Amino acid sequence: MKGILIALALALGLTEAQAQAQPNLIPAPAGYSVRPGSISRDKLFGQAEKVSISPKTLIRHLEGRNLADWQLKSAYLLELSKKGAKIVAAHEEGVFNARQTLRMMALVDSSLTCCTILDWPRFRYRGVMLDESRHFQGKAFVMKQLEMMALLKMNRFHFHLVDNPGWRVQIDAYPRLTNLTAWRPQAFFWDWEKNEIGGPFVEEGTPEAYGGYYTKQDIAEILSFADERHIEVIPEIEMPGHNYETRYAFPELACSLPGGGKDPWELCLGKESTFELLEKVLLEVFEMFPSKYIHIGGDEARKNNWRLCPDCQARMKAEGLKSAEELQSYMIRRMERFAHEHGKRIIGWDEILQGGLAPDATVMSWHGIDAGLQAVKQGHDVIFTPTHYFYLDYHQDPAQFRPVGRLVSLEKVYSFEPITEKVSEADAHHVLGVQGNLWTEHIQDAWHAEIMLYPRVFAIAETGWSQAERKDWPDFERRASSLSETAREWGYWVYPMMP
Ligand SMILES: [Zn+2]
């Protein structure tokens, strides 16, 4: 079929390169057909495109395809002729997506093949997570990645703002969180954390201290930048594990055991003061971030302290909780109720399934995909971020700088399919989408963070946006190589693709 299309296109007077079945675009669009002729980049951007926002017209062009409302909102028709570009969309977001398509075509090639593109997303959630706690990159870095996400039609930025090695967002009710735990003497995370025990923090203003945090003004600027690019920013406030820094600032929130208990990470769930702090923090976070989602972490709590602590035991007795897992579930449900009271919904890592899932929680499935499948069966929304495909801290080449984890090559990332035979057709709408996670234990520098992101984020973008039948590894490889070149010229660090 591809050969026939190319022969036909050649007969129309197109060159072979122009006649290729896929344009030089990531993510691959749902529908693409070549028209005769080409237009130069300069001519295209010398004039304004013709834009029409008309759901009726767009639906007519969709010829009976039944798109969900959220798909229609993002969909667009782009007609590129020798005269210029025409865009039809149902919503501003569709116009924005069409412009990103034009922009990418013009960035990659100086002469654009005339064409018609009819395009819409496969999944509604197409995300990237950045861990700003272990190493801190700051506002300019975040905005630079949002810019690339927009070009790739990715629409969710998961902001991992707090964790054991540093609290990175201003909270007015508890200035101590940032004044004290956003700074540490050692810059490199592994020099600071020894044998899974965090080192000391130092006060803000200490000479040569490493760290930083986002002020409310910084967050407002990032949100406005993201909003202009139709990207939703979802903040994560980790609880009840990964809270070494919270306990460092407020030791009274540890369990009532010698030294706060053997595990230095967990908050005491017996003490009411723990909930008071978390709720006050969340109130300020709700005020800062308009997203309807709040990510509350919920991962890797060891629960040993809770099994021994008299306060935790008293809570379990009073609430009729039979295990430490149920104590965690009690906490997650309580935070979910609090979020609901403020018009928000919670997302948590897949450990929130333990001890019973909160009624309306969305699960981020990171231990492989089984936890996600289980949550889907229970009628919950799921975002797939499986370690062996989408953990971007894992190396893409054994020879690369500071390799950790397993080999997660570009091809491996690209091979992930969220909807397998294990997801019934009736449940498929619970699969919201996919996300790449950049944990930064061993990633201190901006250039290092970017080579871990790119080109692998290109593959996640295509899995999230492109229709399954449009995915094609050899062709993606060609397009990814071309976009890598362009991204480098644009000032991004992109890891070389394997021959
Ligand atoms: Zn306790």
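Keep in mind it's a predicted model, so treat the numbers as computed, not measured.

**Observations concerning the overall build of the chain**
For step 1, the next point in the chain: Helix and strand counts for the chain stand at 20 helices and 17 strands.
For step 2, the next point in the chain: Radius of gyration (C-alpha) of the chain: 24 Å, near the 23 Å computed for a compact globule of 499 residues.
For step 3, the next point in the chain: Counting only C-alpha atoms and orienting by the principal axes, one finds that the chain spans roughly 80 × 50 × 40 Å.
For step 4, the next point in the chain: Once local pairs closer than 6 in sequence are excluded, the contacts in the chain between residues at least 24 apart make up 68%.

**Examining the packing of helix H6 (residues 139-151) against helix H9 (residues 216-228)**
Each packed pair of helices is defined by two parameters, the angle between the axes and the distance between the axes.
For step 1, the next point in the chain: Two elements in contact, H6 and H9, have axes separated by 10 Å at closest approach and are oriented at 10°. One element, H6, and the other, H9, form an angle in the roughly parallel class. Residues Lys139, Val142, Met143 and Leu146 of H6 pack against Asp218, Glu221, Ile222, Phe225 and Ala226 of H9.
For step 2, the next point in the chain: Its residues assigned to classes, the contact of H6 with H9 shows six nonpolar, no polar and three charged.

**Details of the sheet that holds strand E17 (residues 431-438)**
For step 1, the next point in the chain: Pairing within the closed barrel is parallel, and its eight strands lie in the order E6-E7-E12-E13-E14-E15-E16-E17. Strand-to-strand twist in this sheet, taken as the mean axis angle between neighbours without regard to direction, amounts to 30°.
For step 2, the next point in the chain: Bridge analysis of strand E6 (residues 125-131) against E17 gives six bridges, and the strand direction is parallel. Note on E17: the bridge partner recorded for Leu130 is Leu438.
For step 3, the next point in the chain: Packed onto the sheet, helix H11 (residues 272-288) meets strand E12 (232-239) and strand E13 (293-297) and runs at close to 170° relative to E12.

**Looking at the sheet that holds strand E4 (residues 84-89)**
For step 1, the next point in the chain: Overall, mixed pairing links the five strands, which are arranged E1-E5-E3-E4-E2 in an open sheet. Two strands bound the open sheet, and with one partner strand each, they are strand E1 (31-40) and strand E2 (50-53). If you compare each strand with its neighbour and ignore which way they point, the axes differ by 20° on average.
For step 2, the next point in the chain: Where E2 lies against E4, four bridges are found, and the strand directions are parallel. Bridging from a neighbouring strand, Ile53 pairs with Ala89 of E4.

**Focus on the nonpolar core**
For step 1, the next point in the chain: Counting 140 residues, the largest nonpolar core has Leu78, Met149, Leu152, Ile237 and Phe458 as the members making the most contacts within it.
For step 2, the next point in the chain: Residues in contact with Phe458, not counting those within four places in the same chain, are Ile26, Leu152, Ala480 and Leu483.

**Digging into the environment of His380**
For step 1, the next point in the chain: Residue placement: His380 occurs in the loop between helix H15 (370-377) and strand E16 (382-384).
For step 2, the next point in the chain: Setting aside its immediate chain neighbours within four residues, His380 contacts Leu357, Ala361, Thr362, Val363, Ala375 and His430.

**Some details on helix H13 (residues 310-319)**
For step 1, the next point in the chain: Along H13, the positions that sit buried rather than exposed are Cys312, Arg315 and Met316. Looking straight down H13, one finds its buried side chains confined to an arc of 100°; they lie on one side. Opposite its buried face, H13 presents the exposed residues Pro310, Lys317 and Ala318, each directed more than 90 degrees away.
For step 2, the next point in the chain: Contacts made by the buried residues of H13 are with helix H12 (304-308) and helix H14 (324-341).
For step 3, the next point in the chain: Following H13 by one or two positions, Gly320 has its phi on the positive side, about 65°.

**Here we look at the domain arrangement of the chain**
For step 1, the next point in the chain: Assigned domains within the chain: domain 1 (2-119) and domain 2 (125-489).
For step 2, the next point in the chain: If you average the C-alpha positions of domain 1 and of domain 2, the two centres end up 35 Å apart.
For step 3, the next point in the chain: Each side of the interface is counted separately: domain 1 has 15 residues, and domain 2 has 18 residues.
For step 4, the next point in the chain: Taken together, the residues of the side of domain 1 that touches domain 2 break down into nine nonpolar, four polar and two charged.

**Concerning unusual backbone geometry**
For step 1, the next point in the chain: Ile26 connects to Pro27 through a cis peptide bond whose omega is 0°.
For step 2, the next point in the chain: Considering the arrangement of structural elements, one finds Pro27 in the loop between helix H1 (2-11) and E1.
For step 3, the next point in the chain: The step from Met239 to Pro240 runs through a cis peptide bond, and the omega angle for that step is -10°.
For step 4, the next point in the chain: Here the phi dihedral of His242 falls at roughly 50°; this positive angle occurs in a residue that is not glycine.
For step 5, the next point in the chain: Here His242 lies in the loop between E12 and helix H10 (244-249).

**A closer look at the pairing of E4**
For step 1, the next point in the chain: The pairing of strand E3 (residues 76-81) with E4 spans six bridges and is antiparallel. Bridge pairing in E4 places Leu78 opposite Ile87.

**Considerations on the environment of Gly166**
For step 1, the next point in the chain: Counting through the fold element by element, Gly166 comes out in strand E9 (residues 166-167).
For step 2, the next point in the chain: Put simply, Gly166 and Val202 are 36 residues apart on the chain and 11 Å apart in space, counted from C-alpha to C-alpha.
For step 3, the next point in the chain: In contact with Gly166, other than residues within four places in its own chain, are Ser133, Phe136, Thr181, Ala182, Arg184, Gly211 and Glu245.

**Brief notes about the confidence of the model for the chain**
For step 1, the next point in the chain: When pLDDT is averaged along the chain, the result is 94, and 95% of the positions lie at 70 or above.
For step 2, the next point in the chain: Across residues 1-6, confidence stays below pLDDT 50; counting only partners more than four residues off in sequence or on other chains, it has four contacts.

**Observations regarding the environment of Trp447**
For step 1, the next point in the chain: Structurally, the position occupied by Trp447 is in helix H18 (residues 446-453).
For step 2, the next point in the chain: Taking the C-alpha atoms as reference, Trp447 lies 26 Å from Ser415; in sequence the two are 32 residues apart.

**A word on helix H5 (residues 92-108)**
For step 1, the next point in the chain: Here H5 is 17 residues long and its end C-alpha atoms lie 24 Å apart, about the 24 Å a rise of 1.5 Å per residue gives.
For step 2, the next point in the chain: Listing the buried residues of H5 in full gives Gly94, Asn97, Ala98, Thr101, Leu102, Met104 and Met105. All buried residues of H5 lie within an arc of 160° about the axis, which places them on one face of the element.
For step 3, the next point in the chain: Of the surrounding elements, those touching the buried residues of H5 are helix H4 (69-74), E3, E4, strand E5 (111-119) and H6.

Analysis parameters
Residues numbered from 1 in each chain as written. Predicted model: local features only at pLDDT ≥ 70, side-chain atom pairs only at ≥ 80, totals over all residues. Helix = DSSP H or I, 4+ residues; strand = E, 2+ residues; numbered from the N terminus. Rg over C-alpha atoms; globule rule 2.2 N^0.38 Å. Contact = placed C-beta atoms within 7 Å. Axes fitted to C-alpha atoms, helices over the stretch in contact; angles between N-to-C directions. Parallel < 35°, antiparallel > 145°, perpendicular 65-115°, else oblique. Nonpolar A, V, L, I, M, F, W, Y, C, P; charged D, E, K, R; others polar. Pairing = 2+ DSSP bridges. Core = buried A, V, L, I, M, F, W, Y, C linked by C-beta atoms within 7 Å. Buried ≥ 20, exposed ≤ 12 C-beta atoms within 10 Å, placed from the backbone. Arc of directions from axis to C-beta. Domains from an automatic or database assignment. pLDDT = per-residue confidence, 0-100. Expected span 1.5 Å × (residues − 1).

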